[in-house]
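For reference, the chains in residue letters:
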Amino acid sequence: SMRTQTLPSTDLTVSEICLGTGEMGGTIDRSASFALLDRYVAAGGNFLDTAHVYNDWIPGERSRSEKMIGAWIKARGSREKIILATKGGHHPVDGSPYINRITPPDILLDLEESLANLGVDQVDLYWLHRDNTALPVGEILLTLEKARAQGKIRYYGASNWRVERLEEAAAFAQRNGLPGFVADQMLWTVAVTDANAIPDQTIVVMDETLFKYHLRTGQAALAYTSQANGLFAKMASGTLETTSPDLLEQFPLEPNRRRLERMQQVMRETGLTLTSVILGWLLSQPFVTIPIVGPKRLDHLDDSLSAAGVRLTAEQVSFISA
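Nothing here was measured: the structure is a model prediction, and the numbers come from that model.

## Thoughts on the overall build of the protein
Part 1 of the reasoning: In terms of helices and strands, the protein carries twelve helices and ten strands.
Part 2 of the reasoning: Compactness check: the protein gives a C-alpha radius of gyration of 19 Å against a globular reference of 20 Å for 322 residues, within 12% of the reference.
Part 3 of the reasoning: Along the three orthogonal principal directions, the C-alpha set of the protein runs to about 55 × 45 × 40 Å.
Part 4 of the reasoning: Counting all 322 residues of the protein, 53% fall into the buried class.
Part 5 of the reasoning: For the protein, the proportion of contacts with a sequence separation of at least 24, taken over those separated by at least 6, is 75%.
Part 6 of the reasoning: Working note: accessible area of the protein is about 13600 Å², and carbon and sulfur atoms make up 53% of it.

Below you can see the structure in the form of structure tokens.
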């Protein structure tokens, strides 16, 4: 059953698997979104991840995911039962030119709009969706501190930040007696990942340097794309032809075939399902790691949630990623 973890340096007690809502209000309609949210909560889940920008790639209405979560919170009266996280400051995704929006006014504007979309006066965790290396890190943290002082956010985190900037942020926070970032969100999956093949080069992938940073600081890591977009499930069921070519560049086939073989050996030893091994690998890291899962269907959600409570040994973890 679902365990909880307290995010280090916070009083946020969150479920070990976080529900990503990126498609809700877009390809997932209202009744399907509500069904997924209800099922997740019924299974003991309490940690929702959304963003100001989600579904803005679909023409028309903006911030459809946040609005859908807001409608569900209102319909269910569930604000007190969940740890609510959203993200702001993403560059435009509707085909307009790239503009870095991690600036004090854009961050505060996105936050105000997010609170309105969600129908809440505070979010528990506010992520910056990207970094802006042209700005001193102190300006960014002081902007978040302003929102925290106003009670609009409880804690803040970094998504897609590189190690040297996380280090600078931690040093600034310490010098100025601020809490700073309490967690970090990156693309992380058991799949071998070629960071250079990802079209959006502002995405940060877990690598050795970032791993060592988390190991040293004990800061929580939230892993998105935690199931490599179904890569291994498709490999195992022989349906790889349904995978887009750019995904196979991002998750190169040969090393991942070998990784699947090792996961299948762990499956035979433990009796676990493939999904439980994929997510269990993340759940068994040496610092708090919370996989974000974004299923579109109830059976996929149930499959992901069956990994709750799964822990692999350190030997199994390193064997899989050998």
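## Examining the pairing of strand 8 (residues 183-187)
Part 1 of the reasoning: Here strand 8 lies mainly inside the structure; five of its five residues are buried.
Part 2 of the reasoning: Here strand 8 shows two buried faces, one formed by Ala183, Gln185 and Leu187 and the other by Asp184 and Met186.
Part 3 of the reasoning: Of the pairings in the sheet, the one linking strand 7 (residues 153-159) to strand 8 comprises two bridges and is parallel in character. Along strand 8, the bridge assignment pairs Ala158 with Asp184.
Part 4 of the reasoning: Regarding the hand of the β-α-β motif, the stretch spanning strand 7, helix 5 (residues 163-175) and strand 8 is right-handed.

## Quick word on the side chain of Thr50
Part 1 of the reasoning: Among the structural elements, Thr50 can be located in the loop between strand 4 (47-49) and helix 2 (64-76).
Part 2 of the reasoning: Looking at Thr50, its side chain comes within polar contact range of the side chain of Thr21, at 3.4 Å.
Part 3 of the reasoning: For Thr50, the side chain forms a polar contact with the side chain of Ser65, separated by 2.7 Å.
Part 4 of the reasoning: Beyond its immediate stretch of four places on either side in the chain, Thr50 contacts Thr21, Ser65, Glu66, Ile69, Ala85, Thr86, Lys87 and Leu118.

## Overview of the layout of surface pockets
Part 1 of the reasoning: Counted as a void, the largest pocket has a volume near 1600 Å³.
Part 2 of the reasoning: Around the largest pocket, the lining comprises 48 residues; the ones closest to its centre are Glu23, Thr225, Ser226, Asn229 and Gly294.
Part 3 of the reasoning: Broken down by secondary-structure element, the contributors of at least two residues to the lining of the largest pocket are strand 8, helix 7 (231-237), helix 8 (245-250), helix 10 (274-283), strand 10 (289-293) and helix 11 (298-305).
Part 4 of the reasoning: A breakdown of the residues in the lining of the largest pocket according to their chemical character gives 19 nonpolar, 19 polar and ten charged.
Part 5 of the reasoning: Here the second largest pocket defines a volume of roughly 370 Å³.
Part 6 of the reasoning: Around the second largest pocket, the lining is made up of 19 residues, and of these Trp188, Phe211, Arg259, Trp281 and Ser321 lie nearest the centre.
Part 7 of the reasoning: Residue assignment for the lining of the second largest pocket shows that the elements contributing at least two residues are helix 6 (208-217) and helix 12 (314-320).

## Regarding the packing of aromatic side chains
Part 1 of the reasoning: Under the definition given, this model contains seven aromatic pairs.
Part 2 of the reasoning: Taken together, the ring pairs in this structure connect Trp188, Phe211, Trp281 and Phe287 into an aromatic cluster.

## A word on unusual backbone geometry
Part 1 of the reasoning: Despite not being glycine, Asn55 has its phi angle at roughly 75°, a positive value.
Part 2 of the reasoning: Along the chain, the position of Asn55 falls in the loop between strand 4 and helix 2.
Part 3 of the reasoning: With phi around 50°, Ala228 is a residue other than glycine that occupies positive phi space.

## Remarks on the pattern of salt bridges
Part 1 of the reasoning: This structure, assessed with the given rule, holds 20 salt bridges.
Part 2 of the reasoning: Put simply, Asp49 and Lys87 hold a salt bridge, and the shortest N to O gap is 2.6 Å. Note that Asp49 is positioned in strand 4 and Lys87 in strand 5 (residues 83-88), a separation of 38 residues in sequence.
Part 3 of the reasoning: For Lys87, a relative accessible area of 1% translates into the label buried.
Part 4 of the reasoning: For Asp110, the salt bridge is made with Arg101, and the minimal N-O distance between the two is 2.7 Å.
Part 5 of the reasoning: By relative accessible area, Asp110 is classed as buried at 2%.
Part 6 of the reasoning: Overall, Arg101 belongs to the buried group, its relative accessible area being 16%.
Part 7 of the reasoning: Through salt bridges with shared partners, a single network forms among Asp11, Arg79, Asp124 and Arg154.

Cut-off values and rules
Residues numbered from 1 in each chain as written. Predicted model: local features only at pLDDT ≥ 70, side-chain atom pairs only at ≥ 80, totals over all residues. Heavy atoms only, no water. Helix = DSSP H or I, 4+ residues; strand = E, 2+ residues; numbered from the N terminus. Rg over C-alpha atoms; globule rule 2.2 N^0.38 Å. Buried < 20%, exposed > 50% of the residue type's maximum accessible area, 1.4 Å probe, protein only. Contact = heavy atoms within 4.5 Å. Areas by Shrake-Rupley, 256 points an atom, 1.4 Å probe, with all protein chains shown as cover. Pairing = 2+ DSSP bridges. Right-handed = clockwise from strand over helix to strand, strands pointing away. Polar contact = N/O pair within 3.5 Å; in protein donor to acceptor, adjacent residues only side chain to side chain. 1 Å grid on protein atoms, 1.4 Å probe; cavity = no way out; pocket = protein on both sides within 12 Å on 5 of 7 lines; lining within 4 Å. Points joined across faces, edges and corners; volume = space filled by probe spheres on them. Nonpolar A, V, L, I, M, F, W, Y, C, P; charged D, E, K, R; others polar. Phe/Tyr/Trp six-rings, centres within 6.5 Å; stacked < 30°, edge-to-face > 60°. Salt bridge = Lys/Arg side-chain N within 4 Å of Asp/Glu carboxyl O.

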